[in-house]
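Topology and contacts: notes
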Amino acid sequence: MSNTLITLHSYLCDRWQAGEAPQTQLFDPATGAAIAQTSSKGLDLRAALHHGRTVGGPALRAMTFAQRGELLGKLSASLVTHRDELLDVARANMGANRSDGKFDVDGASGTLATYAKLGSQLGDKTTLHDGDQLQFSRSKRFVAQHVWSPRHGVAVHINAFNFPAWNLCEKIAVALLAGVPVLAKPGTATAWLSVRIVELWVQEGLLPPGTVQLLVGSAGDLLDHVGPQDAIVFTGSGSTAQQIRSHPAVLKWNVPVNIEADSLNACVLGPDVQPGCDTWTMFLAEVVREMTQKAGQKCTAIRRIVVPKALLAEVKDELVARLHDLQVGDPANDRSQVGPLAGPTQQRDVLAGLAELNRHASLIWQGTAPAQGCYAPPSLYQSDAGVDAEFINDHEVFGPVATLLPVDGDPAEVVAVVARGGGSLVCSVFSDDLDWCRQVVPAIAPHTGRIYWGSAKVFDQGVGHGAVMPSLVHGGPGKAGGGEELGGERGLRFYWQRTAIQGDTQLLRALFG
Ligand code: NAP
């Protein structure tokens, strides 16, 4: 990999375009050195949206689901072919060690492949019905049918810095299969990997004109130009989400906005789980992985560990022993298990969060981290304040950090602590006690988008608390943004208009099947 500062361009209107000065720098977080620069200043984003609507949209709508699926299959295969190069970029611009890079890049190719398969299953149709024909009179002639149609706009994807491959591709997979062209804007700090992916697709001639555009650098005036047929899918912080939702053009045109935002995911240990049993081992493995994988920069990471007081001492001992063994350091070193944060801004935010945690909770254990580069020490805290623990239940520290919240174990108390997070993407529950789970699992469900229920019978079979499966919905209520992505066919509907069409049954059948 070259040591010279590279300039990242945007891919708009089927051309690579450079923005004007000043440039924003991107860093290698393992060293803190600047490695790339980019700017979106002066780019014509109105023209880019127009290009997507008038060139990319018609091209996709002319394709069947099977043909769109075939396209996604090729995009996926390209990532698989160039995997090693992409992992190098993930290391250079995000500090991802090989394992963390694979989680992002393989997640991207896997999600594209899953939607490619769905396209092939949906076959030669171009859109779907919602339900059966409905009859309103004694005659069977006059009926109604709900029909889905792809929006005639652009899917504007605004992504977070932490998954430059997966976040780009999971959104693209759903929108393209739905028949809607994409303008994606990656988080600037780690945009190089997103740029490289689109470069590969362009070089290989995979993208029909106007179907995928990439805006690198700040969003500029992009949202000023959204219109009534566009849709926005955002991943990032709650504060940016609020700005997007309340943008005048978004409000004026009622542009649908799907949001995945901050999430204070909890992990609950049931009072029945005895040290040493399979469910116990599963619980410990998930907590350690979620604290340390991608240096804790995952939207699904466990931030709050809800533990019965009777098991607290053993939980602490076991977690500290496991965390203690992990090596924090250079992502290029195969022995390093926890890498740096994505850049200087992310490091500053996490260190500020640790300072706040020091004021609101007791530090149980803290690892060491290299002084040079953008590292943060893995840190485990404890707060005995339960639902009254304000900072812990309200603020996401986006790094290798989690807090133990001891409870008596009474189901109502457990549910109250989980709910106190204000809505999450995922909550895991580890227990083999069916009666206890009967009171906890359904009561937690309204507060989270996914529940990962670990128990002895699924020991060694689960995919992991933090793994987002393309066929399951990804999203959560409240603080988590109130959105839903993926979920197999469910995800397509965000990009479609549902229209109730009333008329003669045979004419309707002739047009819509
Ligand atoms: P962020 O600062 O909100 O940025 C997210 C994206 O929004 C970036 O592409 C950013 O561009 C862009 N952006 C910022 N201001 C904007 C504006 N006014 N208009 C349009 N776009 C704007 O979040 P982040 O720092 O990248 O990500 C960290 C946060 O995201 C964490 O709090 C984490 O909880 C959350 N997150 C959630 C999920 C999830 O699935 N729920 C996943 C990952 C992360 P620039 O990069 O150019 O500023």
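Residues numbered from 1 in each chain as written. Predicted model: local features only at pLDDT ≥ 70, side-chain atom pairs only at ≥ 80, totals over all residues. Heavy atoms only, no water.

Before going further, it helps to examine the domain arrangement of the chain. Looking at the assigned domains, one finds that the chain contains domain 1 (6-261 + 481-512) and domain 2 (266-470). The straight-line distance from the C-alpha centre of domain 1 to that of domain 2 is 31 Å. If you look at the interface, domain 1 gives 28 residues, while domain 2 gives 30 residues. Of the roughly 2100 Å² buried between domain 1 and domain 2 on both sides combined, carbon and sulfur atoms contribute 62%. Counting every contact that joins domain 1 to domain 2 gives zero salt bridges. (Domains from an automatic or database assignment. Contact = heavy atoms within 4.5 Å. Buried area = accessible area lost by both parts, 1.4 Å probe. Salt bridge = Lys/Arg side-chain N within 4 Å of Asp/Glu carboxyl O.)

To continue, consider the packing of helix H4 (residues 98-122) against helix H5 (residues 166-178). Running from N to C, H4 and H5 cross one another at 10 degrees; their axes reach a closest spacing of 8 Å. On the basis of their axis angle, the class for H4 and H5 is roughly parallel. Counted together, Asp-104, Gly-107, Ala-108, Thr-111, Leu-112, Tyr-115, Leu-118 and Gly-119 of H4 and Trp-166, Cys-169, Glu-170, Ala-173, Val-174 and Leu-177 of H5 form the full contact between these two elements. Here the contact of H4 with H5 is composed, by residue class, of nine nonpolar, three polar and two charged. (Axes fitted to C-alpha atoms, helices over the stretch in contact; angles between N-to-C directions. Helix = DSSP H or I, 4+ residues; strand = E, 2+ residues; numbered from the N terminus. Parallel < 35°, antiparallel > 145°, perpendicular 65-115°, else oblique. Nonpolar A, V, L, I, M, F, W, Y, C, P; charged D, E, K, R; others polar.)

Further remarks concern the sheet that holds strand S16 (residues 379-382). The strand order S15-S16-S17-S14-S13-S18-S19 describes an open sheet built from seven strands, whose pairing is mixed. The open sheet terminates on both sides in strands that have one partner only, identified here as strand S15 (362-366) and strand S19 (448-454). Each strand axis lies, on average, 20 degrees off the axis of its neighbour in the sheet, ignoring direction. Across the sheet, helix H9 (residues 278-292) is in contact with strand S13 (265-269), strand S14 (302-308), S16, strand S17 (401-407), strand S18 (424-430) and S19; its angle to S14 comes to roughly 155 degrees. (Pairing = 2+ DSSP bridges.)

This part is about the environment of Asp-432. In this fold, Asp-432 is placed in the loop between S18 and helix H14 (434-444). Judged by relative accessible area, which is 40%, Asp-432 ranks as partly exposed. Through-space distance from the C-alpha of Asp-432 to that of Trp-453 is 9.5 Å; in sequence the pair is 21 residues apart. Apart from the residues within four sequence positions on either side, Asp-432 is in contact with Asp-272, Thr-279, Ser-455 and Ala-456. Engagement of the side chain of Asp-432 in a polar contact is seen with the backbone nitrogen of Ala-456, the distance being 2.7 Å. (Buried < 20%, exposed > 50% of the residue type's maximum accessible area, 1.4 Å probe, protein only. Polar contact = N/O pair within 3.5 Å; in protein donor to acceptor, adjacent residues only side chain to side chain.)

In this section: the site of the ligand. Taken together, 27 residues are adjacent to the ligand, and Asn-159, Thr-188, Ser-237, Thr-240 and Glu-396 come closest. At 2.7 Å from an oxygen atom of the ligand is found a side-chain nitrogen or oxygen belonging to Thr-240. One of the side-chain N or O atoms of Asp-262 is found 3.0 Å from an oxygen atom in the ligand. For the ligand, whose accessible area on its own is 900 Å², the fraction buried by protein is 79%. When residues of the shell around the ligand are traced back to their parent elements, those giving at least two are strand S11 (231-235) and helix H7 (238-245). With three residues, the single largest contributor to the shell around the ligand is H7. Counting contributing residues, the shell around the ligand receives three or more from each of domain 1 (6-261 + 481-512) and domain 2 (266-470). (Near = heavy atom within 4 Å. Areas by Shrake-Rupley, 256 points an atom, 1.4 Å probe, with all protein chains shown as cover.)

Here Ala-21 and Pro-22 are connected by a cis peptide whose omega angle stands at 0 degrees. Looking at the secondary structure, you find Pro-22 in the loop between strand S3 (15-17) and strand S4 (24-28). Of note in this structure, Asp-14 is not a glycine but carries a positive phi near 65 degrees. Secondary-structure assignment places Asp-14 in the loop between strand S2 (10-12) and S3.

Let's shift gears to the nonpolar core. Counting residues in hydrophobic clusters, the biggest one holds 67 residues, and the most contacted among them are Leu-75, Trp-201 and Tyr-495. Mapped onto the domain boundaries, this core takes at least three residues apiece from domain 1 (6-261 + 481-512) and domain 2 (266-470). (Core = buried A, V, L, I, M, F, W, Y, C linked by side-chain atoms within 4.5 Å.)

A few words now on the side chain of Asp-104. Within the element layout of this structure, Asp-104 appears in helix H4. Buried and without a salt bridge, Asp-104 has Lys-294 as its closest oppositely charged side chain, separated by 4.5 Å. Separated by 2.7 Å, the side chain of Asp-104 and the backbone nitrogen of Trp-166 make a polar contact. Other than its neighbours up to four places away in sequence, Asp-104 contacts Phe-163, Pro-164, Ala-165, Trp-166, Leu-193 and Lys-294. (Lys, Arg positive; Asp, Glu negative; His and termini not counted.)

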